[in-house]
Amino acid sequence: MLDLEVVPERSLGNEQWELTLGMPLAQAVAILQKYCRIIKNVQVLYSEQAPLSHDLILNLTQDGIKLLFDAFNQRLKVIEVYDLTKVKLKYCGVHFNSQAIAPTIEQIDQSFGATHPGVYNSAEQLFHLNFRGLSFSFQLDSWTEAPKYEPNFAHGLASLQIPHGATVKRMYIYNGNSLQDTRAPGMPLSCFLGNVYAESVDVLRDGTGPSGLRLRLLAAGCGPGVLADAKMRVFERSVYFGDSCQDVLSTLGSPHKVFYKSEDKMKIHSPSPHKQVPSKCNDYFFNYFTLGVDILFDANTHKVKKFVLHTNYPGHYNFNIYHRCEFKIPLTIKRESADCQTETCTTYSKWDSIQDLLGHPVEKPVVLHRSSSPNNTNPFGSTFCFGLQRMIFEVMQNNHIASVTLYGPPKPSTHTRTAELP
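Source: prediction; values computed, not measured. (Residues numbered from 1 in each chain as written. Predicted model: local features only at pLDDT ≥ 70, side-chain atom pairs only at ≥ 80, totals over all residues. Heavy atoms only, no water.)

J.: Explain the overall build of the protein chain here, please?
T.: When its secondary structure is counted, the protein chain shows 5 helices and 28 strands. Across the 422 residues that make up the protein chain, the buried fraction comes to 41%. When contacts within the protein chain are restricted to residue pairs at least 6 apart in sequence, those whose partners lie at least 24 apart make up 52%. (Helix = DSSP H or I, 4+ residues; strand = E, 2+ residues; numbered from the N terminus. Buried < 20%, exposed > 50% of the residue type's maximum accessible area, 1.4 Å probe, protein only. Contact = heavy atoms within 4.5 Å.)

Spelled out as structure tokens, the structure:
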């Protein structure tokens, strides 16, 4: 049985690990994976057709704990303990819930002190006792006597006469004063772990298509001195097609991983007559997992030739490998009655709405099957790739965009280069 410390408005954890409000989904999953011998039977709950309409939930069924992540920014919003018989809980080092100590109303009052009057929800038949960043729910149907509800009690406050011995059914840890209005806080400094995160990524474009990325980055920096307080730093960096490997390293830092392509499975769709000629050396990716970005370099010139932006939707084959990339892509829309206009595609745009903006049918997609080995099947199904304005949009079956691949400008042919020589 887990023995955990409760920190209102902040976290739930012990000396080995801590689940902190504002923590990215990937970090929480990494903790659960590391302690898989202790924390078992974890469920991932999400809406398959409308992933943005409901929170993304990690359900620790063996320990009676749910971790609710905001559907948009994928940071930890609420920690819910829904079965207090499966876990030990303490506050300031003193247990208020264990096999020997029942979490009664008297025990909560003794451990946490006085608070505002409770709130009764008649639909749920639950009485909620709220502290800042912490709520306890008491169920009424187990009480022998019906609670006395007096709407016009002293000072205009509704009052419930709670019987002695009423025990906690659920506990919530959240940010702010209200569980209903709470939002996931910004990522705490303790979660940076030396990484750089992308607050937003803007796709830059020229007359023909994308030309590069402008990234607004977040990092935890320290001032001078060993004991200086760490604080968050915000800065902007830009990378462009044609930048060298050294340029990207000096701009964004070292990647989390370098991946060498063994083959190009999309080569068959190329008009080039050399599609069957094997390459002598392999192009390679810089994988920036916390930015949600991959950068592909040409094996011969070592210059940027592709960017890949990942949206990290649940139900995609690569889910939880990358953090969500909050991108904005300007699309050139041609209108019959006016000049070209620019519309913005974001991480949360649906492919149907993009097609409506374009005003003309897009070519049939390339169907992309992914699997870890030839004998395995992808449990999430295929995705569809649409080419548009030097970009490839990978679209899931629920119409959300899984990734966007940006291509650099086409290379001038040999004939053109020769003609330009003096």
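On we go from here.
J.: When you look at the nonpolar core in this model, what are you seeing that I'm missing?
T.: Generally speaking, nonpolar side chains in soluble globular proteins are found buried as a group. If you look at the biggest cluster of nonpolar residues, it comprises 46 residues, and the most contacted ones within it are Leu 89 and Phe 136. Ranked by the residues each element gives to this core, the list is headed by helix α1 (residues 25-34), at 5 residues. Structurally, this core is a two-domain feature, drawing no fewer than three residues from each of domain 1 (2-174) and domain 2 (192-407). Here Phe 136 is in contact with Phe 96, Ile 108, Phe 112, Phe 127, His 128, Leu 129, Phe 131, Val 168, Arg 170 and Met 171, once residues within four sequence places are set aside. In this structure, Ala 219, Cys 245, Leu 358 and Val 404 belong to the second largest nonpolar core, which totals 41 residues. (Core = buried A, V, L, I, M, F, W, Y, C linked by side-chain atoms within 4.5 Å. Domains from an automatic or database assignment.)

J.: Honestly, the pairing of strand β12 (residues 134-139) in this entry has me stumped. Any pointers?
T.: Within β12, 5 of the 6 residues are buried, which leaves the element mostly enclosed by the surrounding structure. Direction of pairing for strand β11 (residues 126-131) relative to β12: antiparallel, over a ladder of 6 bridges. Looking across to β12, one finds that Leu 129 is bridged to Phe 136. Here β11 folds back onto β12 in antiparallel fashion, the turn holding 2 residues, of which Gly 133 has a positive phi close to 75°. (Pairing = 2+ DSSP bridges.)

J.: I keep staring at the pairing of strand β27 (residues 391-395) and nothing clicks. Help me out?
T.: Taken residue by residue, a regular strand's side chains alternate between the two faces of the sheet. For β27, the tally of buried residues reaches 4 of 5 residues, placing the bulk of the element in the interior. Note that strand β26 (residues 383-388) and β27 share 5 bridges and pair antiparallel. Within the sheet, the bridge partner assigned to Gly 387 lies in β27 and is Ile 392. Hairpin remark: β26 followed by β27, antiparallel, with 2 residues in the connecting loop; positive phi at Gln 389, about 50°. By the bridge criterion, 5 bridges tie β27 to strand β28 (residues 401-407) in an arrangement that is antiparallel. Bridge pairing links Val 395 to Ile 401 in β28.

J.: Any chance you could explain the confidence of the model for the protein chain here in plain terms?
T.: Detail in the predicted coordinates should be disregarded across regions flagged by low pLDDT. Averaged over all residues, the pLDDT of the protein chain is 86; the fraction at 70 or higher stands at 82%. Between residues 142-146, whose pLDDT stays under 50, and residues either more than four places distant or in other chains, the model counts 4 contacts. Low confidence marks residues 414-422, where pLDDT is under 50. Its contacts with residues over four positions away, or in another chain, come to 1 contact. (pLDDT = per-residue confidence, 0-100.)

J.: Which parts of the structure should I look at to understand the sheet that holds strand β20 (residues 284-288)?
T.: The strands making up a sheet are joined through hydrogen bonds of the backbone, oriented either antiparallel or parallel. Read from one edge of the open sheet, 8 strands run β19-β20-β21-β22-β28-β27-β26-β25, paired in antiparallel fashion. Of all strands in the sheet, those with a lone pairing partner are β19 (257-260) and β25 (366-368), marking the two edges. Each strand of the sheet is rotated relative to its neighbour by a mean of 20°, with strand direction disregarded. On the sheet, helix α3 (residues 245-252) packs against β20, β21 (293-297) and β22 (304-310) and is oriented at approximately 5° with respect to β20. (Axes fitted to C-alpha atoms, helices over the stretch in contact; angles between N-to-C directions.)

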